[in-house]
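Now for the letters of each chain:
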Amino acid sequence: MQTILILNGPNLNMLGQREPEIYGHETLEDIQKLCEDKASDLGVRVHFRQSNHEGELVTWIQQAAQTPGPYAGLIINAAAYTHTSIAIHDALKLLNIPIIEVHISDPETREDFRHTSFITPVAAAVYKGLGANGYAKSLEHISNLIHTQ
Ligand code: DQA
């Protein structure tokens, strides 16, 4: 069975209590459960991780770039690092597997400083503004990409 790595960046561990008017009431554990259920419907496995540290996210992406690769695809919500991290952008360029960018909110309808994404240039698709459902949509999309390769 193929495994998809799902990476979550800083402050996403605070979902549920963090600005619920923007991010909703679901916790990151709820989103993990949603992803695991969706993965089992799609016949894939997920590894779901969160870090508040840019370097840790870079290390996990580098591990995904090993050959033979442990993962068939990567879904990433880099949170605030989306808008700042050339290090994550560079690490993602190491990968030969499909990458999908996901956001709970739609950063483009928010403050100007959220309008730039260093992830989008390396992503096959972006799901944003769909709440937790964006993760399910990303999983469907990446599973299609993997199975049509
Ligand atoms: C986010 C959007 C980012 O701008 C923000 O910094 C986050 C969460 C989202 O999922 O909507 O932390 O990635």
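Residues numbered from 1 in each chain as written. Predicted model: local features only at pLDDT ≥ 70, side-chain atom pairs only at ≥ 80, totals over all residues. Heavy atoms only, no water.

The full set of residues close to the ligand is R18, Y23, N77, A79, A80, H83, H103, I104, S105 and R114. Take R18: an N or O atom from its side chain is 2.9 Å from an oxygen atom of the ligand. Contacts to the ligand include A80, whose backbone N or O atom sits 3.2 Å from an oxygen atom. For the ligand, whose accessible area on its own is 320 Å², the fraction buried by protein is 99%. The pocket occupied by the ligand, as judged from atoms lying within 2 Å of grid points, is the largest pocket. A breakdown of the residues in the shell around the ligand according to their chemical character gives four nonpolar, four polar and two charged. (Near = heavy atom within 4 Å. Polar contact = N/O pair within 3.5 Å; in protein donor to acceptor, adjacent residues only side chain to side chain. Areas by Shrake-Rupley, 256 points an atom, 1.4 Å probe, with all protein chains shown as cover. 1 Å grid on protein atoms, 1.4 Å probe; cavity = no way out; pocket = protein on both sides within 12 Å on 5 of 7 lines; lining within 4 Å. Sits in = over half its atoms within 2 Å of the grid points. Nonpolar A, V, L, I, M, F, W, Y, C, P; charged D, E, K, R; others polar.)

So, about the packing of aromatic side chains. Evaluation of the coordinates by the stated rule reveals one aromatic pair. Relative to Y135, the ring of F48 has its centre 6.4 Å away and its plane inclined at 40 degrees; by these criteria the two rings are tilted. Here F48, found in strand β2 (residues 45-50), pairs with Y135, found in helix α5 (residues 133-147); they are 87 residues apart in sequence, far enough to count as distant. When sorted by exposure, F48 lands in the same class as Y135, which is buried. Looking at R49, its charged tip hangs above the ring of W60, at a distance of 4.9 Å from the centre. (Phe/Tyr/Trp six-rings, centres within 6.5 Å; stacked < 30°, edge-to-face > 60°. Helix = DSSP H or I, 4+ residues; strand = E, 2+ residues; numbered from the N terminus. Buried < 20%, exposed > 50% of the residue type's maximum accessible area, 1.4 Å probe, protein only. Lys NZ or Arg CZ within 6 Å of the ring centre and 35° of its normal.)

Moving on to α5. The end-to-end C-alpha distance of α5 is 21 Å, a good match for the 21 Å that 15 residues give at a rise of 1.5 Å each. Those residues of α5 lying buried are G134, Y135, A136, S138, L139, I142, S143 and I146. (Expected span 1.5 Å × (residues − 1).)

Before going further, it helps to spend a moment on the packing of helix α2 (residues 28-42) against α5. Running from N to C, α2 and α5 point in directions that differ by 30 degrees, and their axes come no closer than 9 Å. Seen along the crossing, α2 lies across α5 with a hand that is right-handed. Facing I31, L34, C35, K38, A39 and L42 of α2, the residues of α5 in contact are Y135, A136, L139, E140, S143 and H147. (Axes fitted to C-alpha atoms, helices over the stretch in contact; angles between N-to-C directions. Left-handed = near helix turned anticlockwise from the far one by under 90°. Contact = heavy atoms within 4.5 Å.)

Locating E101 in the fold gives a position in strand β4 (residues 99-103). Look at E101: it is buried, it has no salt bridge, and the nearest opposite charge is K128 at 7.4 Å. Apart from the residues lying within four places of it in its own chain, the contact partners of E101 are I76, T82, S117, I119, T120, A123, A125, V126 and Y127. (Lys, Arg positive; Asp, Glu negative; His and termini not counted. Salt bridge = Lys/Arg side-chain N within 4 Å of Asp/Glu carboxyl O.)

Here the focus is the nonpolar core. The biggest cluster of nonpolar side chains holds 25 residues, and the ones touching the most others in it are I4, I6, I31, I75 and Y135. Those elements that provide at least two residues to this core are β1 (3-8), α2, β2, β4, β5 (125-128) and α5. Other than its neighbours up to four places away in sequence, I4 contacts V44, R45, V46, H47, Y71, G73, I75, L139, I142 and I146. Of all hydrophobic cores here, the second largest spans 20 residues; its members include L57, I61, I76 and A78. (Core = buried A, V, L, I, M, F, W, Y, C linked by side-chain atoms within 4.5 Å.)

This next bit is on unusual backbone geometry. Here the bond from T67 into P68 is cis, since omega is -5 degrees, no more than 30 degrees from zero. You can see P68 is positioned in the loop between α3 (54-64) and β3 (73-77). Positive phi is not limited to glycine here, since E19 has a value of about 35 degrees. With respect to the helices and strands, the residue E19 is situated in the loop between β1 and α1 (20-23). Given a relative accessible area of 34%, E19 falls into the partly exposed group. Even without being glycine, A79 reaches a positive phi, approximately 50 degrees. When you line up the elements, A79 lands in the loop between β3 and α4 (86-92).

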